[in-house]
Amino acid sequence: MIIIENKNLQTKPTDYKQLGFGKVFTDYMIMSKYQDGKWQEIVIQPFQNLSLHPAATCLHYAQEVFEGLKAYRGDDGVIRLFRHRDNIKRLNESCRRICIPEVDEDALEKAIIEIIKLEASWIFEDEDTALYIRPAIFGTGNELGVHPSKEYILCVILSPVAKYYQNKEDYVKIKIEEHFHRVGKLGTGTAKTGGNYASSLLSSVIAEEEGFDQVCWLDAETSKYIEEVGSMNIFFVIKGVLITPMLNTSILDGITRRSIITLAKQMGISVEERKVSIDEVFAAAQCGELTEVFGSGTAAVISKVGMLKKAEQEIILPRLKDGVADILLSQLKGIQYGRIHEDYGWITTIQE
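Everything numeric in this text was worked out from a predicted model, so none of it was measured.

Peer 1: Mind laying out the overall build of the protein chain, listing which residues take part and the relevant values?
Peer 2: In terms of regular secondary structure, the protein chain is built from 8 helices and 19 strands. Computed over the C-alpha atoms, the radius of gyration of the protein chain is 21 Å, within 12% of the 20 Å expected from 2.2 N^0.38 for a compact globule of 352 residues. Its C-alpha atoms give the protein chain principal-axis dimensions of about 60 × 55 × 35 Å. Put simply, the protein chain has 352 residues, and 52% of those count as buried. By element, 49% of the accessible surface of the protein chain is carried by carbon and sulfur atoms, the whole surface being about 16,500 Å². Computed over 40 positive and 50 negative side-chain charges, the separation of the two mean positions in the protein chain equals 1 Å.

The following block contains the structure:
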């Protein structure tokens, strides 16, 4: 690993409330190139723009994957990295699906820890802030034939972030998408690749224009079963049971989703991973059995849903102060910020 000093450091923001999400970037980035059949040595270098050939494979055929993970500064001042090994492993799983050469997981882990040390002063101590870490790999070969690239770039950029959803109510409004699908059965839904998100943009724009925060995706085969909500996994509390769609070939295996299921079971909450139809959810709401809905993901962590709408049908959810979502969020954030001890090996502390 090579480290190139940045002699032109930025003036850091002082008010975390002005950060937003993914708008401010730190002074350093990680870079490595895949050439001649192998990955080159990882370099930590000053943050800078990239130069790409106009025929780069990623630009024409979307051969690209990415990840998202976070580091937190606790009340004790210690920096904690949350489940980064799982994210790096999932990055390689996405690589296999998109025909990208896998990266050395140990080497990437060391580089991420090292760059966090360099950028430690960018991590705020305030609750609901973190250092968001975005690895991405994309094909850079300059041939227009439809085939995997022979050259790639791995880069990792860092961004200090506040809450993903900035609405004051802390409850999101969800539209059930009935005209488009995010991905198809046996498609790329289990890979974290840009094409999955590109296919969601039109629905998201329309939903936002209609006053919603996100859309809820149904399966492409029958349009009956719920899969994800926006860029998050989704959970329902029906008759006191925490229910989430079972993983299939079109649902991303979320790291936060895994964490929630583990913590819920540890706390004695009944959990079911199974098919969940939109009709079941609306029927449960009608008879008062649906009490909570929330999304989960690295960016938003846990995001409570206040309203679901399908055509002319609408569900308004009770705004519980100490519901399942609140209990799980408190537990999860307690672990991430160091207030609660965990025995799962999820936390890696960073020595500045």
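Peer 1: Pulling in residues and values, what's your account of the layout of surface pockets?
Peer 2: As a volume, the largest pocket reaches approximately 930 Å³. Lining the largest pocket are 41 residues, with Arg134, Tyr164, Tyr197, Ser231 and Ala299 sitting closest to its centre. Breaking the lining of the largest pocket down by element, the ones donating at least two residues are strand E5 (64-66), strand E8 (130-139), strand E9 (152-161), helix H5 (201-209), strand E11 (214-218), helix H6 (255-266) and strand E16 (290-297). By residue class, the composition of the lining of the largest pocket is 18 nonpolar, 14 polar and 9 charged. Elements supplying a minimum of two residues to the lining of the second largest pocket: strand E6 (69-73), strand E10 (171-176), strand E17 (301-310) and helix H8 (324-336). The biggest single contributor to the lining of the second largest pocket is E17, with 4 residues.

Peer 1: I'd like a description of the nonpolar core, backed by residues and values.
Peer 2: Counting 35 residues, the largest nonpolar core has Leu81, Ile116, Ile133 and Ile137 as its most contacted members. Among the elements that take part in this core, helix H3 (residues 105-118) stands out by supplying 6 residues, more than any other. Once you skip the residues sitting within four places of it in the chain, Ile133 turns out to touch Glu67, Gly68, Leu69, Lys70, Ala71, Leu81, Ile112, Ile116, Val156, Ile157 and Leu158.

Peer 1: Pulling in residues and values, what's your account of the packing of helix H2 (residues 84-97) against H3?
Peer 2: The contact between H2 and H3 brings their axes to 10 Å, and the two run at 135°. By the angle class used here, H2 and H3 are oblique. You can see that H2 and H3 cross each other, and the crossing is right-handed. For the pair H2 and H3, the contacting residues are His84, Arg85, Ile88, Lys89, Leu91 and Asn92 in the first and Glu105, Leu108, Glu109, Ile112 and Ile113 in the second. Of the residues belonging to the contact of H2 with H3, the class tally is 5 nonpolar, 2 polar and 4 charged.

Peer 1: Quick rundown of unusual backbone geometry? Include the residues and the values.
Peer 2: Phi is positive for Cys99, which is not a glycine, with a value near 60°. Within the secondary structure layout, Cys99 lies in the loop between H2 and H3. Positive phi is not limited to glycine here, since Lys239 has a value of about 55°. The exposed category is assigned to Lys239, whose relative accessible area is 61%.

Peer 1: Got a sec to walk through the environment of Leu242? Specific residues and values, please.
Peer 2: Looking at the element boundaries, Leu242 is found in strand E14 (residues 241-245). When its relative accessible area of 1% is taken as the criterion, Leu242 is described as buried. Here the alpha-carbon distance between Leu242 and Ala325, two residues 83 residues apart in the chain, equals 9.7 Å. Other than its neighbours up to four places away in sequence, Leu242 contacts Phe235, Phe236, Val237, Ile260, Ala264, Ile269, Ser270, Val271, Glu272, Phe294, Val324 and Leu328.

Peer 1: So what's going on with H8? Residues and values would help.
Peer 2: Between its first and last C-alpha, H8 extends 18 Å over 13 residues, near the 18 Å set by a 1.5 Å rise per residue. Most of H8 is tucked away: 10 of the 13 residues are buried. Directly after H8, the chain includes Gly338, whose backbone phi takes a positive value near 85°.

How each quantity is defined
- Think of each chain on its own: its residues are numbered from 1, step by step along the sequence as written.
- Predicted model: local features are reported for residues with pLDDT of at least 70 only, side-chain atom pairs are reported and counted for 80 or more only, and whole-chain, interface and lining totals are derived from all residues.
- Hydrogen atoms and water are omitted, and side-chain values are computed over all heavy atoms in the structure.
- To qualify as a helix, a DSSP run of H or I must reach at least 4 residues; to qualify as a strand, a run of E must reach at least 2; elements of each kind are numbered from the N terminus.
- Taken over C-alpha atoms, the radius of gyration is set against a globule rule of 2.2 Å times the number of residues to the power 0.38.
- Accessible area is worked out with a 1.4 Å probe on protein chains only. A residue is then buried under 20% of its type maximum, exposed over 50%, and partly exposed in between.
- Only the protein chains shown count as cover for residues, and the accessible areas themselves come from Shrake-Rupley with a 1.4 Å probe.
- Charge convention: Lys and Arg are scored as positive, Asp and Glu as negative, and His as well as the terminal groups of each chain are ignored.
- By convention, the point assigned to a charge is CZ for Arg, NZ for Lys, CD for Glu and CG for Asp.
- A pocket, in this scheme, is an open set of points on a 1 Å grid over the protein atoms alone with protein on both sides within 12 Å along at least 5 of 7 lines, while a cavity is a set where a 1.4 Å probe fits but cannot get out; residues line either one if an atom lies within 4 Å of a point.
- Grid points are joined across faces, edges and corners, and a volume is the space filled by probe spheres set on the points.
- Gly is placed with the polar residues, together with every amino acid not listed as nonpolar (Ala, Val, Leu, Ile, Met, Phe, Trp, Tyr, Cys and Pro) or charged (Asp, Glu, Lys and Arg).
- Only buried residues count toward a nonpolar core. Its members are Ala, Val, Leu, Ile, Met, Phe, Trp, Tyr and Cys residues joined through side-chain atoms within 4.5 Å.
- Every residue pair with non-hydrogen atoms within 4.5 Å of one another is taken to be in contact.
- Angles shown run from 0 to 180 degrees and are taken between the N-to-C directions of axes, each axis being a line fitted to C-alpha atoms and, for helices, limited to the stretch in contact.
- Every angle not falling under 35 degrees, over 145, or within 65 to 115 is termed oblique; those three ranges are roughly parallel, roughly antiparallel and roughly perpendicular.
- Left-handed is the label given to a crossing in which the near helix is rotated counterclockwise from the far helix by less than a right angle, and right-handed is the label when the rotation is clockwise.
- Every helix has an expected span of 1.5 Å times one less than the residues it contains.

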